[in-house]
Amino acid sequence: MAGARRQTAAPDRQGEAEDALLAVRAAEGDEDAFAVLVQRHAAALIRLATRLLGTRAEAEDAVQEAFISAWRRLPEFQGRSSFATWTYRIVTNRCLNVLRSRKLEAPLEAAGDVPAPEHAASPARITEGRDAVRELREALDQLSAEQRTCWVLRELDGQSYEFIADAVGISQEAVRARVFRARRCLTQALGAWR
(Lines give C-alpha, C1' and ligand atoms only; values in the text may rest on other atoms or scores of the structure.)
Protein backbone atom coordinates (compact mmCIF):
# COMPACT_ATOMS: atom_id res chain seq x y z
CA MET A 1 0.00 0.00 0.00
CA ALA A 2 2.84 2.36 0.79
CA GLY A 3 4.06 2.25 -2.81
CA ALA A 4 0.69 3.44 -4.08
CA ARG A 5 0.62 6.65 -2.06
CA ARG A 6 -0.83 9.69 -3.73
CA GLN A 7 -1.96 13.06 -2.51
CA THR A 8 -5.56 13.28 -3.64
CA ALA A 9 -6.84 16.26 -1.75
CA ALA A 10 -3.83 18.37 -0.96
CA PRO A 11 -3.52 20.77 -3.90
CA ASP A 12 -0.29 22.45 -4.94
CA ARG A 13 0.63 25.93 -3.70
CA GLN A 14 -1.04 27.66 -6.67
CA GLY A 15 -4.21 25.62 -6.12
CA GLU A 16 -4.16 26.52 -2.42
CA ALA A 17 -3.82 30.21 -3.26
CA GLU A 18 -6.71 30.00 -5.75
CA ASP A 19 -8.80 28.14 -3.16
CA ALA A 20 -8.03 30.80 -0.55
CA LEU A 21 -9.15 33.56 -2.93
CA LEU A 22 -12.29 31.64 -3.85
CA ALA A 23 -13.02 31.03 -0.16
CA VAL A 24 -12.76 34.76 0.58
CA ARG A 25 -15.11 35.55 -2.29
CA ALA A 26 -17.52 32.81 -1.19
CA ALA A 27 -17.46 34.10 2.39
CA GLU A 28 -18.60 37.43 0.97
CA GLY A 29 -21.60 35.67 -0.59
CA ASP A 30 -20.25 34.73 -4.05
CA GLU A 31 -22.10 31.49 -4.77
CA ASP A 32 -20.22 30.94 -8.03
CA ALA A 33 -16.89 30.98 -6.18
CA PHE A 34 -18.22 28.40 -3.73
CA ALA A 35 -19.49 26.27 -6.63
CA VAL A 36 -15.95 26.19 -8.04
CA LEU A 37 -14.62 25.04 -4.66
CA VAL A 38 -17.26 22.32 -4.47
CA GLN A 39 -16.44 21.17 -7.99
CA ARG A 40 -12.70 21.07 -7.21
CA HIS A 41 -12.98 19.09 -3.99
CA ALA A 42 -16.17 17.02 -4.15
CA ALA A 43 -14.70 13.94 -5.87
CA ALA A 44 -11.84 13.54 -3.36
CA LEU A 45 -14.17 14.11 -0.42
CA ILE A 46 -16.71 11.58 -1.70
CA ARG A 47 -13.89 9.03 -2.14
CA LEU A 48 -12.79 9.66 1.43
CA ALA A 49 -16.32 9.42 2.84
CA THR A 50 -17.03 6.25 0.83
CA ARG A 51 -13.90 4.64 2.24
CA LEU A 52 -14.87 5.63 5.75
CA LEU A 53 -18.58 4.86 5.61
CA GLY A 54 -18.66 2.05 3.10
CA THR A 55 -21.54 3.17 0.91
CA ARG A 56 -21.64 5.77 -1.83
CA ALA A 57 -25.09 6.98 -0.76
CA GLU A 58 -24.01 7.66 2.84
CA ALA A 59 -20.81 9.26 1.55
CA GLU A 60 -22.67 11.62 -0.76
CA ASP A 61 -25.01 12.61 2.07
CA ALA A 62 -22.08 13.26 4.41
CA VAL A 63 -20.24 15.36 1.82
CA GLN A 64 -23.38 17.31 0.94
CA GLU A 65 -23.97 18.07 4.63
CA ALA A 66 -20.31 19.02 5.00
CA PHE A 67 -20.51 21.48 2.10
CA ILE A 68 -23.67 23.01 3.55
CA SER A 69 -21.86 23.38 6.86
CA ALA A 70 -18.80 24.83 5.10
CA TRP A 71 -20.95 27.39 3.28
CA ARG A 72 -22.49 28.51 6.57
CA ARG A 73 -19.13 28.57 8.35
CA LEU A 74 -17.09 30.26 5.60
CA PRO A 75 -16.93 33.57 7.47
CA GLU A 76 -15.11 31.62 10.24
CA PHE A 77 -12.55 30.19 7.80
CA GLN A 78 -9.41 32.19 8.43
CA GLY A 79 -7.00 30.34 6.16
CA ARG A 80 -4.87 28.85 8.95
CA SER A 81 -5.02 25.63 6.95
CA SER A 82 -5.81 25.08 3.30
CA PHE A 83 -9.43 24.94 2.17
CA ALA A 84 -8.85 21.26 1.28
CA THR A 85 -7.68 20.46 4.82
CA TRP A 86 -10.57 22.41 6.32
CA THR A 87 -13.16 20.54 4.24
CA TYR A 88 -11.43 17.21 4.92
CA ARG A 89 -11.82 17.95 8.61
CA ILE A 90 -15.51 18.76 8.23
CA VAL A 91 -16.16 15.59 6.19
CA THR A 92 -14.06 13.46 8.54
CA ASN A 93 -16.02 14.75 11.54
CA ARG A 94 -19.33 14.03 9.78
CA CYS A 95 -18.16 10.50 8.97
CA LEU A 96 -16.91 9.93 12.52
CA ASN A 97 -20.31 10.98 13.86
CA VAL A 98 -22.02 8.51 11.53
CA LEU A 99 -19.59 5.72 12.46
CA ARG A 100 -19.99 6.38 16.17
CA SER A 101 -23.76 6.31 15.89
CA ARG A 102 -23.80 2.92 14.19
CA LYS A 103 -24.38 -0.18 16.22
CA LEU A 104 -21.13 -1.98 16.98
CA GLU A 105 -22.28 -5.12 15.24
CA ALA A 106 -23.18 -3.34 11.99
CA PRO A 107 -20.67 -4.34 9.27
CA LEU A 108 -18.77 -1.79 7.24
CA GLU A 109 -20.17 -2.10 3.74
CA ALA A 110 -17.65 -1.87 0.92
CA ALA A 111 -17.97 0.67 -1.84
CA GLY A 112 -18.11 -2.31 -4.16
CA ASP A 113 -15.95 -5.16 -5.38
CA VAL A 114 -13.37 -4.40 -8.00
CA PRO A 115 -13.82 -7.08 -10.63
CA ALA A 116 -10.76 -8.77 -12.06
CA PRO A 117 -10.25 -8.57 -15.83
CA GLU A 118 -12.39 -11.14 -17.61
CA HIS A 119 -9.44 -12.89 -19.25
CA ALA A 120 -7.52 -13.40 -15.98
CA ALA A 121 -10.34 -14.24 -13.59
CA SER A 122 -10.96 -17.84 -12.75
CA PRO A 123 -13.90 -18.70 -10.49
CA ALA A 124 -11.48 -19.73 -7.74
CA ARG A 125 -9.57 -16.45 -7.99
CA ILE A 126 -12.80 -14.41 -7.93
CA THR A 127 -13.97 -16.27 -4.83
CA GLU A 128 -10.61 -15.78 -3.15
CA GLY A 129 -10.68 -12.05 -3.91
CA ARG A 130 -14.18 -11.69 -2.54
CA ASP A 131 -13.17 -13.58 0.60
CA ALA A 132 -10.20 -11.25 1.07
CA VAL A 133 -12.39 -8.16 0.65
CA ARG A 134 -14.96 -9.56 3.08
CA GLU A 135 -12.29 -10.29 5.68
CA LEU A 136 -10.81 -6.81 5.23
CA ARG A 137 -14.28 -5.30 5.79
CA GLU A 138 -14.67 -7.37 8.95
CA ALA A 139 -11.20 -6.37 10.15
CA LEU A 140 -11.90 -2.68 9.46
CA ASP A 141 -15.14 -3.03 11.38
CA GLN A 142 -13.13 -4.06 14.45
CA LEU A 143 -11.17 -0.78 14.44
CA SER A 144 -12.37 2.23 16.36
CA ALA A 145 -13.83 4.99 14.20
CA GLU A 146 -10.78 7.14 14.96
CA GLN A 147 -8.30 4.40 14.01
CA ARG A 148 -10.23 3.62 10.83
CA THR A 149 -10.27 7.28 9.82
CA CYS A 150 -6.53 7.76 10.32
CA TRP A 151 -5.73 4.46 8.58
CA VAL A 152 -7.94 5.26 5.57
CA LEU A 153 -6.46 8.75 5.22
CA ARG A 154 -2.90 7.38 5.43
CA GLU A 155 -3.07 4.05 3.61
CA LEU A 156 -5.86 4.50 1.08
CA ASP A 157 -5.76 8.24 0.49
CA GLY A 158 -1.98 8.56 0.86
CA GLN A 159 -2.09 11.66 3.05
CA SER A 160 0.84 12.83 5.19
CA TYR A 161 0.73 12.60 8.96
CA GLU A 162 0.71 16.40 9.08
CA PHE A 163 -2.30 16.60 6.76
CA ILE A 164 -4.18 13.94 8.74
CA ALA A 165 -3.43 15.71 12.03
CA ASP A 166 -4.84 18.95 10.63
CA ALA A 167 -7.85 17.22 9.06
CA VAL A 168 -8.76 15.19 12.13
CA GLY A 169 -7.78 17.81 14.70
CA ILE A 170 -5.23 15.80 16.68
CA SER A 171 -1.44 15.79 17.00
CA GLN A 172 0.82 14.04 14.51
CA GLU A 173 1.93 11.71 17.31
CA ALA A 174 -1.69 10.71 17.94
CA VAL A 175 -2.15 10.07 14.21
CA ARG A 176 0.97 7.89 14.11
CA ALA A 177 -0.26 5.94 17.15
CA ARG A 178 -3.72 5.37 15.64
CA VAL A 179 -2.27 4.28 12.30
CA PHE A 180 0.18 1.97 14.08
CA ARG A 181 -2.59 0.37 16.17
CA ALA A 182 -4.82 0.01 13.12
CA ARG A 183 -2.01 -1.64 11.13
CA ARG A 184 -1.29 -4.02 14.00
CA CYS A 185 -4.97 -4.99 14.33
CA LEU A 186 -5.36 -5.45 10.58
CA THR A 187 -2.16 -7.51 10.37
CA GLN A 188 -3.41 -9.81 13.12
CA ALA A 189 -6.88 -10.10 11.64
CA LEU A 190 -5.62 -10.71 8.10
CA GLY A 191 -2.66 -12.94 8.99
CA ALA A 192 -3.96 -15.78 6.80
CA TRP A 193 -3.69 -13.56 3.70
CA ARG A 194 0.04 -12.88 4.02
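Residues numbered from 1 in each chain as written. Predicted model: local features only at pLDDT ≥ 70, side-chain atom pairs only at ≥ 80, totals over all residues. Heavy atoms only, no water.

## Some words on the packing of aromatic side chains
Here is step 1: Taken as a whole and judged by the stated rule, the model has six aromatic pairs.
Here is step 2: In this structure an aromatic cluster arises from ring pairing among F34, F67 and W71.
Here is step 3: Taking the ring centre of Y161 as reference, the NZ or CZ of R154 above it sits at 4.1 Å.
Here is step 4: The lysine or arginine in question, R176, covers the ring of Y161, its NZ or CZ lying 4.0 Å from the ring centre. (Phe/Tyr/Trp six-rings, centres within 6.5 Å; stacked < 30°, edge-to-face > 60°. Lys NZ or Arg CZ within 6 Å of the ring centre and 35° of its normal.)

## Concerning the confidence of the model for the protein chain
Here is step 1: Looking at the protein chain as a whole, the pLDDT averages 81, with 80% of positions reaching at least 70.
Here is step 2: Low pLDDT (under 50) marks residues 104–108, which in the prediction has 11 contacts with non-local residues, meaning those over four places away or in another chain. (pLDDT = per-residue confidence, 0-100. Contact = heavy atoms within 4.5 Å.)

## Focus on the environment of S82
Here is step 1: Structurally, S82 can be placed in the loop between α3 (56–73) and α4 (83–101).
Here is step 2: Classification of S82 by relative accessible area gives buried; the value is 17%.
Here is step 3: Distance from S82 to A17, taken between C-alpha atoms, is 8.6 Å for residues 65 residues apart in sequence.
Here is step 4: Apart from the residues lying within four places of it in its own chain, the contact partners of S82 are E16 and F77.
Here is step 5: A distance of 3.0 Å separates the side chain of S82 from the side chain of T85, its partner in a polar contact. (Helix = DSSP H or I, 4+ residues; strand = E, 2+ residues; numbered from the N terminus. Buried < 20%, exposed > 50% of the residue type's maximum accessible area, 1.4 Å probe, protein only. Polar contact = N/O pair within 3.5 Å; in protein donor to acceptor, adjacent residues only side chain to side chain.)

## A word on the nonpolar core
Here is step 1: Of all hydrophobic cores here, the largest spans 49 residues; its most connected members are F34, L74, F83, Y88 and V91.
Here is step 2: Those elements giving two or more residues to this core turn out to be α1 (13–27), α2 (31–53), α3, α4, α5 (123–142), α6 (145–156), α7 (161–168) and α8 (172–189).
Here is step 3: By residue number, the principal contributor to this core is α2, which donates 11 residues.
Here is step 4: Not counting chain neighbours up to four residues away, the residues in contact with V91 comprise L45, L48, A49, V63 and A66. (Core = buried A, V, L, I, M, F, W, Y, C linked by side-chain atoms within 4.5 Å.)

## Re the side chain of D157
Here is step 1: As for its position among the elements, D157 is in the loop between α6 and α7.
Here is step 2: Assessed through its relative accessible area of 0%, D157 is described here as buried.
Here is step 3: A distance of 2.4 Å separates the side chain of D157 from the side chain of Y88, its partner in a polar contact.

## Topic: the side chain of Q159
Here is step 1: Looking at where Q159 falls in the secondary structure, it is placed in the loop between α6 and α7.
Here is step 2: By relative accessible area, which is 0% here, Q159 ends up buried.
Here is step 3: In terms of polar contacts, Q159 uses its side chain to reach the side chain of D157, at 3.4 Å.

## Considering the environment of R176
Here is step 1: Within the secondary structure layout, R176 lies in helix α8.
Here is step 2: Overall, the relative accessible area of 43% leaves R176 in the partly exposed class.

## Some remarks on α1
Three- or four-residue spacings in an α-helix give side chains the same orientation, since the helix completes a turn every 3.6 residues.
Here is step 1: For α1, spanning 15 residues, the distance from its first C-alpha to its last is 21 Å, which sits close to the expected 21 Å at 1.5 Å a residue.
Here is step 2: Residues G15, D19, L22, A23 and A26 constitute the buried set of α1. Seen end-on, α1 carries its buried residues on one side only, within an arc spanning 105°. For α1, the exposed residues set more than 90 degrees away from the buried face come down to R13, Q14 and L21.
Here is step 3: The secondary structure elements touched by the buried residues of α1 are α2, α3 and α4. (Expected span 1.5 Å × (residues − 1). Arc of directions from axis to C-beta.)

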